[in-house]
Amino acid sequence: MNQAGLTSQEAAERLKQSGYNELPGEQPKNILRIALEVMKEPMFSLMIGCSILYILLGDIREGIIMLCTVNVIITITFFQSRRTEKALSALKNLSAPRALVIRDGKEQRIAGREVVKGDLVILNEGDRVPADGIIDGYTTLVIDESLLTGESAPVSKYSVAGSDNKVFSGTLVVRGKGHVIVTATGLETEFGKVGKSLQSITKDETRMQKEMKVLIRNFFLIGITLSVIVIIASYLVRGNFLNSLLQGVAASMAMLPEEFPVVMTIFLAMGAWRLSRNNVLTRTPSAIETLGSATVLCSDKTGTITVNRMRVSAWADENRSVNQDAFQKDNTVLTQTATLALIASHNNSIDPMEKAIAEMNRNLSSGIDAIHIEKEYPLTPELTAMTHVAMVSGKKIVACKGAPETVFRLCKLGSDETERWMNQLHQLARQGYRVLAVAECVSVPEQLPASQEGFDFTISGLLAFEDPVRDEVPEAIRECRTAGIRVIMITGDYAETARAIATKAGLETEAGVITGSEMQEMNDEELAQRIGHISVFARVSPEHKLRIVRALKANNEVVAMTGDGVNDAPALKAADIGIAMGNKGTDVAREAASLVLLDDNFASIVHAIRSGRRIYDNLQKAMSYILAIHVPIIGLTLLPAFNSALPLLLMPLHIILMELIIDPICSIAFESEREEKNIMERPPANKNAQFFGMKKILGSLLQGLLLLAMTLTVYFLSINEGHTADEVRTIAFSALITGNVFLILTNLSASRSIIGIFTDRNPALWIILIVDALLILMLTNIPALQNLFSFGSPGFSHYVPAFIGAIALLTVLEIRKAILNRSRTILSTAK
């Protein structure tokens, strides 16, 4: 056994050669990178070009205002990106381990990232293993490797050649103390190998991302074509090329939905903020959109469906078993069993079962004073039980606990006795419990034996442990089922244990359980065929999770997958929505995931899906509204270009005001709107259905044409009244803004009337109504703004037609909504 470890000089040289013991993280996006991503959008290129044109023509104020709007979008995107990265960095710093090493013959506490190959590391109970290594010297460690292997039960490690003497970076020492020689650090560890494999997995674009690109491209091509036509037509009609050029640019901008990226940025940023208030951190904003389409939710059992805390839930002797609800403090035999189990445990242990034993004794008020352990017989590969010889209240007691079969053998039970105890053991195992047997040596020999087998043990009872299902999980699973979302539980437990826990959680288990070994024998086609009916996977390794994701996606499912371990990262990255655990998850898993669950609670995932559906609905309504408002903008831009007798209505600065200030601000009302009725009682959104289907486009066009007709009516009435060009523009623009507000009001909800919308709590709506009213007053009454936007002062009485027209528009749209709702009700009743 090496006692001196490396010298400081050797460690420094090795650190220089191999680098720090850490995995390379994803580089944070700087402001320049975010700006370049925003600039890739064609509409922003057009805006920058238009602002440069304004500056060249001498209208510096207009050019600067347009450039400022681009900066607003970049700032919002940058702020959201940085906030998420800071939260992840905080989680990473909290989980960064430190290591106790021997260097220069002395113990030193160093940062885990400074550990190098050949270091001699001292591991104690509760330590996080800082690097891969092998056990040095005679010792036994019990290690939780669940983050790496997915196996929930701790694994015993011994100082013998073979796989049982290896420890791995990131795993947790549950019991024991020992020395480890480091064999691999950083990317060479088992954790690091998984990190490398992530580079070969690419994330698919979401449906909305693909559709948005096609839609913007089409609008861009149409806009450029229309712009050329308008420039030529305007030049032929008016004879002024520079004005014709601005008119053409205005037409092109009217065609392009510049608001789409602004509104999407606002929605996803606000959605991420709302989710963070419910313990869900958003790493990939597009995942919020995908949440509304999720059809399958694959969840780990431990810590997500269950509370990740062991408790003693049942006790048994050879004739009967008692559940926790029936525990009685005056049950002498039960109290004796609990007391012996505590004596056979370590003081202040972090082992989940020993912590549960300590809690049980507190609840039973067993009244044990200090336990002074005189000798320990540790658990070994050959004898899976442990024994403590201890002084308790002045009396020497020998207590043993361990695997039931081993304890039965130590107690030298007869065949009939063994059969009765085995029956009790099987009955508890069928309920999904982990079982320990407890025994006592009543006659303590003066000369203690060399091994546990030298004691004359008498069995006391069986203790049954479980990690209970979270109270809120059955209701959350029921809600998922109602919403058309299938929940699949994935665990490293045995099939019977998994089935019992799944039943308690409310999952369907009639179709059976697929184990990891059964998956190994299936090809991908067989797995894809069977997975459509299975809700429970047992004895599953993280490698199997990737196959499960691919099989589900082959069946056209939209998959949300949870994970916490390093080996879960490929499955998280391959899933449509990867959800990493924030409390017990690894940095690799968090970086591969789209969402990070800060409280590791299954119910938070379901709440995120509900929020995703609400955001999806409201974003769809906001986008439909934007398409509708573009119709009158286009109409009012084109009309004067083809008739020189009509005053120019909308110039580029007016369009910028509408599309990048008023419309996005109004869209916040949609983002703040509460969810539609029965949002979790309908199936998920069809992944192949278009976000902007023809039906929605036609509906938006109809609403836009109605608003255009109303605005043109007010426009021509103003011309007939003899107003100046600036006054006509002011009245028509006011009609457009007022009609725009009423268009928002009727579209906020597809199921509630305007009265219901006003009676609901939506503070943003009232703020927007006030802001819009103040904006109209400022634009039409402050001289500097009047000059900037070429507005006049027609007098308040001349705004009456605009208001009456907006009321008429609202009435027509509300009647249409009522007819559509009535039709939907009749169709759903017929089904």
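Described in the following lines is the structure provided in the data block. Note that the structure is a prediction, hence the values are computed from the model and not measured.

Digging into the overall build of the chain
- Along its length, the chain carries 30 helices and 24 strands.
- For the chain, buried positions account for 54% of its 831 residues.
- Just so you have it, the chain exposes about 36200 Å², and 57% of that area is on carbon and sulfur atoms.

Quick word on unusual backbone geometry
- Here the phi dihedral of S393 falls at roughly 55°; this positive angle occurs in a residue that is not glycine.
- Mapped onto the secondary structure, S393 falls in the loop between β15 (385-392) and β16 (395-402).
- For S393, a relative accessible area of 54% corresponds to the exposed category.
- Positive phi, normally seen in glycine, also occurs at S790, with a value near 55°.
- Relative to the assigned elements, S790 resides in the loop between α29 (783-789) and α30 (800-830).

Some points on the sheet that holds strand β6 (residues 155-158)
- Taking strand neighbours across the sheet as the criterion, the three strands line up as β6-β5-β8 in an open arrangement whose pairing is antiparallel. Across the chains shown, the open sheet's two edge strands, defined by having one partner strand only, are β6 and β8 (172-176). For this sheet, the mean inter-axis angle between neighbouring strands, taken without regard to orientation, is 35°.
- With four bridges joining them, strand β5 (residues 140-144) and β8 adopt antiparallel strand pairing. Residue pairing in the sheet places L141 in a bridge with G176 of β8.

Regarding the nonpolar core
- Formed by 104 residues in total, the largest nonpolar core has its most connected members in F602 and M623.
- Sequence-distant contacts of F602, defined by excluding residues within four places in its chain, comprise L297, S299, T304, I305, V473, A476, I477 and V487.
- In terms of nonpolar packing, the next biggest core, distinct from the first, is built from 29 residues, C298, A571, A574 and A593 among them.

Points about the side chain of T304
- Within the secondary structure layout, T304 lies in helix α11 (residues 301-305).
- Once residues within four sequence positions are removed from consideration, T304 is found in contact with S299, R470, V473, M581, D600, N601, F602 and I605.

Describing the sheet that holds strand β20 (residues 514-515)
- One open sheet accounts for eight strands, arranged β10-β24-β23-β22-β11-β19-β21-β20; its pairing is mixed. A single partner strand is all that each edge strand has here, and the edge strands are β10 (280-282) and β20.
- As defined by bridge partners, β10 adjoins strand β24 (residues 595-597) across three bridges and the pair is classed as antiparallel. Opposite V280, over in β24, you have L597 as the bridge partner.
- Along the sheet, helix α17 (residues 495-505) makes contact with β19 (486-490), β20 and β21 (536-538), crossing β21 at roughly 150°.

Structural notes on a nonpolar patch on the surface
- Nonpolar side chains collect at one region of the surface, where I224, V228, I232, Y235, L236 and F241 lie side by side and expose about 600 Å² of accessible area between them.
- Here the element with the most residues in the nonpolar patch is helix α7 (residues 207-238); it accounts for five residues.
- Locating Y235 in the fold gives a position in helix α7.
- For Y235, a relative accessible area of 42% corresponds to the partly exposed category.

A short note on the packing of aromatic side chains
- Tallying each qualifying case throughout the model produces eight aromatic pairs.
- Both rings, one in Y625 and one in F670, keep their centres 5.5 Å apart while their planes meet at 35°; by these two values the pair is tilted. Placement of Y625 in helix α23 (residues 602-641) and of F670 in helix α24 (residues 652-672) is noted, with a sequence separation of 45 residues between them. Pair check on accessibility: Y625 and F670 agree, each one buried.
- The interplanar angle of 65° and the centroid separation of 5.2 Å between the aromatic rings of Y715 and F716 together place this pair among those described as edge-to-face.
- The ring of Y20 carries R113 above its face, with NZ or CZ at 3.7 Å from the centroid.

So, how was this worked out
- Residues numbered from 1 in each chain as written.
- Predicted model: local features only at pLDDT ≥ 70, side-chain atom pairs only at ≥ 80, totals over all residues.
- Heavy atoms only, no water.
- Helix = DSSP H or I, 4+ residues; strand = E, 2+ residues; numbered from the N terminus.
- Buried < 20%, exposed > 50% of the residue type's maximum accessible area, 1.4 Å probe, protein only.
- Areas by Shrake-Rupley, 256 points an atom, 1.4 Å probe, with all protein chains shown as cover.
- Pairing = 2+ DSSP bridges.
- Axes fitted to C-alpha atoms, helices over the stretch in contact; angles between N-to-C directions.
- Core = buried A, V, L, I, M, F, W, Y, C linked by side-chain atoms within 4.5 Å.
- Contact = heavy atoms within 4.5 Å.
- Patch = residues over 30% accessible without salt bridge, like charges linked within 9 Å, V, L, I, M, F, W, Y side chains within 5 Å.
- Salt bridge = Lys/Arg side-chain N within 4 Å of Asp/Glu carboxyl O.
- Phe/Tyr/Trp six-rings, centres within 6.5 Å; stacked < 30°, edge-to-face > 60°.
- Lys NZ or Arg CZ within 6 Å of the ring centre and 35° of its normal.

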